[in-house]
Amino acid sequence: MNSTLPPFVTFTTGAALLKELGLVDDITADGLRYHARQNPDWWRFGDRKDQIPYVRAGGRTRTMETVEFLKMFQDGPRRGGRGRKKK
């Protein structure tokens with residue numbers, strides 16, 4: 001990945017980064033939270049043993065490792081907010 005990427009993203013900064021990199025047409029922080037709740041088998045972050053733990057950044061803010069976060073959208077299904085459809 002690019003060395004200029006931040007080491008961690010939040011739901012808000014992650015949504016902006018996905019759009020900036022062209023991995024999705026459009027998504028919001030709430031859209032990412034929806035995917036985290038509704039697609040636990042696909043979502044790589046969480047409290048289960050098979051998931052990458054969130055890193056807390058004060059209060060309730062959860063951060064995710066940027067490289068793993070981006071891989072999820074590069075490798076995952078390409079539909080809706082999860083990414084662009086394959087051509």
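*Asks:* Can you break down the packing of helix α1 (residues 11-20) against helix α3 (residues 66-75) residue by residue, with the values?
*Replies:* Taken N-terminus to C-terminus, the directions of α1 and α3 make an angle of 55°; their axes are 11 Å apart at the nearest point. As summarised for this structure, α1 and α3 are arranged oblique, according to the angle between their axes. The handedness of the crossing between α1 and α3 is right-handed. Mapping the contact onto sequence places Gly14, Leu17 and Leu18 in α1 and Thr66, Phe69, Leu70 and Phe73 in α3. Taken together, the residues of the contact of α1 with α3 sort by class into five nonpolar, two polar and no charged.

*Asks:* Report on α1, specifying residues and quantitative values.
*Replies:* What α1 keeps buried is the set Phe11, Gly14, Ala15, Leu17 and Leu18. Taken down its axis, α1 places every buried residue within 165° of arc, on the same side. Residues of α1 that are buried make contact with β1 (8-9), α2 (29-38), β3 (62-65) and α3.

*Asks:* For the environment of Asp30, give the residues involved together with the corresponding values.
*Replies:* Among the structural elements, Asp30 can be located in helix α2. On the basis of relative accessibility, which here comes to 55%, the residue Asp30 falls in the exposed class. Of the polar contacts made by the side chain of Asp30, one reaches the side chain of Arg33; its length is 2.8 Å.

Cut-offs and rules
Residues numbered from 1 in each chain as written. Predicted model: local features only at pLDDT ≥ 70, side-chain atom pairs only at ≥ 80, totals over all residues. Heavy atoms only, no water. Axes fitted to C-alpha atoms, helices over the stretch in contact; angles between N-to-C directions. Helix = DSSP H or I, 4+ residues; strand = E, 2+ residues; numbered from the N terminus. Parallel < 35°, antiparallel > 145°, perpendicular 65-115°, else oblique. Left-handed = near helix turned anticlockwise from the far one by under 90°. Contact = heavy atoms within 4.5 Å. Nonpolar A, V, L, I, M, F, W, Y, C, P; charged D, E, K, R; others polar. Buried < 20%, exposed > 50% of the residue type's maximum accessible area, 1.4 Å probe, protein only. Arc of directions from axis to C-beta. Polar contact = N/O pair within 3.5 Å; in protein donor to acceptor, adjacent residues only side chain to side chain.

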